[in-house]
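Close look at the chain arrangement
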Amino acid sequence: MRGARRRLCSALLLAYGLFSLYAAYSVFLRPRRAATRPPRDRRGTRAYISLGNEEWNPWEADEKNEQVASQQRYEANLQMIKKARSHLEETSLKVQVWGKAAIGLYLWQHIFEGHLEPADVTAQWRQGSQTVGKTYFSFITGPSVVPGYFSVEAENVVLVLNGREKAKITYATQWLHYTQTLIQTHKIQRVAVVLLGNEQCNNEWIQPYLKRHGGFVNLLFVTYDCALVNEEDIFQWPLGVATYRNFPVVEPSWSMLHDPRPHLCNFLGTIYKNSSRENLMGILKQDGLDKLCWIAAREQWQPQETNESFKNYQDALLQSDLTLCPVGINTECYRIYEACSYGSLPVVEDVMTPGDCGNSSMYHSAPLQLLKAMGAPFIFIKNWEELPAVLEKEKNMSLQEKIQRRKKLIEWHRNFKAQMRQKFINALEKSFLPSDKG
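This is a predicted model, so every value here is computed, not measured.

Basis of the calculations
Residues numbered from 1 in each chain as written. Predicted model: local features only at pLDDT ≥ 70, side-chain atom pairs only at ≥ 80, totals over all residues. Heavy atoms only, no water. Buried < 20%, exposed > 50% of the residue type's maximum accessible area, 1.4 Å probe, protein only. Helix = DSSP H or I, 4+ residues; strand = E, 2+ residues; numbered from the N terminus. Pairing = 2+ DSSP bridges. Axes fitted to C-alpha atoms, helices over the stretch in contact; angles between N-to-C directions. Disulfide = S-S within 2.5 Å. Core = buried A, V, L, I, M, F, W, Y, C linked by side-chain atoms within 4.5 Å. Domains from an automatic or database assignment. Contact = heavy atoms within 4.5 Å. Parallel < 35°, antiparallel > 145°, perpendicular 65-115°, else oblique. Left-handed = near helix turned anticlockwise from the far one by under 90°. Nonpolar A, V, L, I, M, F, W, Y, C, P; charged D, E, K, R; others polar. Expected span 1.5 Å × (residues − 1).

With respect to the pairing of strand 3 (residues 93-99)
The buried fraction of strand 3 amounts to six of the seven residues, a majority that puts the element mostly inside the structure. The sheet contact formed by strand 3 and strand 5 (residues 135-141) spans seven bridges and is parallel. By the bridge assignment, Leu93 is partnered in strand 5 with Thr135. Judged from the five bridges that link them, strand 3 and strand 6 (residues 156-162) form a sheet pairing that is parallel. Directly across from Val95, in strand 6, lies its bridge partner Asn156.

Below you can see the structure in the form of structure tokens.
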């Protein structure tokens, strides 16, 4: 990048020098055109016209016109140089994002607030672009985006992958090998990966690809409280909403913020055997608390929503003051972020799930280290036996208090996404842009 900038600046300076030389040549060295000869008088001698004591210069008008034109060329050249320099300053980095996991849609549409064409979510190929700060981003996604069958348009690439299970990891490694070939053939130079990590944080398979381990991946953004995170070249990334279920970007409305909601809480989800979710359902049934909440439990996980079930879920979030977020395989779940989108305060079970998540010194406040560090205004509980007291307090809150809480939650959620966007860009620019030192 530094070499390209120097070459462009050199070309601009050369152009400026050539224009300046041409201007000087035009005014001082260019052969003068023959002036119209004055007529001869009756004696056959030339008749020269005198203006006072000065002899008339027949080339004066041409010289003045040439000076004006030269000045105009000079000013136009200056404007060209300024414009090129401004463009360099405005877009110092060009990045292409390859969205090969649904979490890429969360990055592009929810974090970056970018648009995709066509809008049809079932399209085989979707793309978008935007400039954020000094970085120009282009984004491609869809089943038709396969290795070798799309245009590589930038030296810097962000590859969005799914590493949740063995089959997904196999597919992800195919993309990594393709990317490595592009690095080796100098078609791209720098790579970052956004990874939907394993829910138990078993992400060791990605390590050999990282630059710190002799690989080619400069940066890694990974979900969950992964122990690999060091905030230097490996960053924690939010799970976000379930874009694989086409959860939309929600714009707050007046009624969402101000209308009373008929339900104190909601929980629509799968009840796993011998889990805290079973305990939650038992507690809700005590003293008829389940009648104050929108509860729809199922015994098996449902990967794809029907139109009816998805509308019910959205309505439950919109019509409940609280959204109950019991742990699943991991403490962090899509429900947390989806509840924030509708101003329904998450009540989060603050318990570490089994696996390798949070096994490092920096995760002293895990689980949900990232959300806590960003000041998430949630209700955190260690045991669902605390829920009756939470709901009792909720019943005594005024509508005005709830309105203020909704506004605070939605504002926090908006700021959270903006901060994550800036964190992402800062990391890319720091790693991808050449240092001016030395």
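Brief notes about the sheet that holds strand 11 (residues 293-298)
Taken together, five strands build an open sheet; the order of strands is 11-10-12-13-14 and the sheet is parallel. Where the open sheet ends on each side, the last strands, each with one partner, are strand 11 and strand 14 (379-381). Pairs of neighbouring strands in the sheet enclose a mean axial angle of 20 degrees, with direction left out of account. The pairing of strand 10 (residues 263-270) with strand 12 (residues 320-325) spans three bridges and is classified as parallel. Residue Asn266 lies in a different strand from strand 12, and its bridge partner there is Thr323.

Some details on the state of the cysteines
Scanning the entire structure with this criterion turns up two disulfides. Cys201 shares a disulfide with Cys357; S-S distance 2.0 Å. A torsion of 95 degrees about the S-S bond marks the disulfide between Cys201 and Cys357 as right-handed. Highlighted residues: Cys201 in the loop between strand 7 (190-196) and strand 8 (219-223) and Cys357 in the loop between strand 13 (345-349) and helix 9 (369-373), separated in sequence by 156 residues. Each member of the pair, Cys201 as well as Cys357, carries the same accessibility label: buried. Linked covalently through their sulfurs, Cys265 and Cys293 form a disulfide whose S-S length is 1.9 Å. Looking along the S-S bond of the Cys265-Cys293 disulfide, the torsion reads about 100 degrees, which is the right-handed sense. Of this pair, Cys265 sits in strand 10 while Cys293 is found in strand 11, placing the two residues 28 residues apart along the sequence.

Structural notes on unusual backbone geometry
Each neighbour pair has its own omega, and for Glu117 with Pro118 the value is -5 degrees, a cis peptide bond. Tracing the chain through its elements places Pro118 in the loop between helix 3 (103-111) and strand 4 (126-132). Residue Pro367 is reached from Ala366 by a cis peptide bond, and omega for that bond is 10 degrees. Residue placement: Pro367 occurs in the loop between strand 13 and helix 9. If you check the backbone angles, Glu113 has positive phi at about 55 degrees while not being a glycine. Secondary-structure assignment places Glu113 in the loop between helix 3 and strand 4. The residue His186 is not glycine, and still its phi comes out positive at about 65 degrees.

Some remarks on the nonpolar core
The biggest cluster of nonpolar side chains holds 113 residues, and the ones touching the most others in it are Phe137, Leu176, Trp237 and Phe424. Looking at this core, the element that brings in the most residues is helix 11 (residues 399-432), giving ten residues. Looking at this core, you find at least three residues from each of domain 1 (91-223) and domain 2 (248-413). Excluding its chain neighbours within four sequence positions, the residues that come into contact with Phe137 are Val95, Val97, Trp108, Phe112, Gly128, Ser129, Gln130, Val132, Phe424, Ile425 and Leu428.

Details of the packing of helix 3 against helix 11
The geometry of a pair of packed helices is captured by two quantities: the angle between their axes and the separation between those axes. Across the interface, helix 3 lies against helix 11 with an axial gap of 10 Å and an inter-helix angle of 115 degrees. Relative to helix 11, the element helix 3 lies roughly perpendicular. The handedness of the crossing between helix 3 and helix 11 comes out as left-handed. The residues of helix 11 that touch helix 3, namely those facing Tyr106, Leu107, His110 and Ile111, are Phe416, Lys417, Met420, Arg421 and Phe424. Tallied by class, the residues present in the contact of helix 3 with helix 11 amount to six nonpolar, one polar and two charged.

Re the environment of Leu161
Here Leu161 shows up in strand 6. For Leu161, a relative accessible area of 1% gives the class buried. For the pair Leu161 and Leu196, spaced 35 residues apart in sequence, the C-alpha separation works out to 6.3 Å. Ignoring sequence-local partners within four residues, the contact set of Leu161 consists of Lys100, Ala101, Ala172, Trp175, Leu176, Val193, Val194, Leu195 and Leu196.

Examining the packing of helix 8 (residues 334-341) against helix 11
Two numbers describe how helix 8 lies on helix 11: the axes approach to 8 Å, and their chain directions differ by 120 degrees. Here helix 8 lies oblique to helix 11, going by the angle between them. Within the contact between the two elements, helix 8 uses Tyr337, Cys340 and Ser341 and helix 11 uses Leu409, Ile410, Trp412, His413 and Phe416. Across the contact of helix 8 with helix 11, the residue classes break down as six nonpolar, two polar and no charged.

A closer look at helix 7 (residues 307-318)
Helix length check: helix 7, at twelve residues, gives a terminal C-alpha distance of 16 Å against a target of 16 Å (1.5 Å per residue), a fit within 8%. Of all the residues in helix 7, the buried ones are Ser309, Phe310, Tyr313, Gln314, Asp315, Ala316 and Leu317. For helix 7, the elements touching its buried residues are strand 10, strand 11, strand 12 and helix 8.

A few points about the side chain of Ser320
Note on placement: Ser320 falls in strand 12. If sequence neighbours within four positions are ignored, Ser320 has contacts with Arg261, His263, Cys265, Asn266, Trp294 and Ser344.

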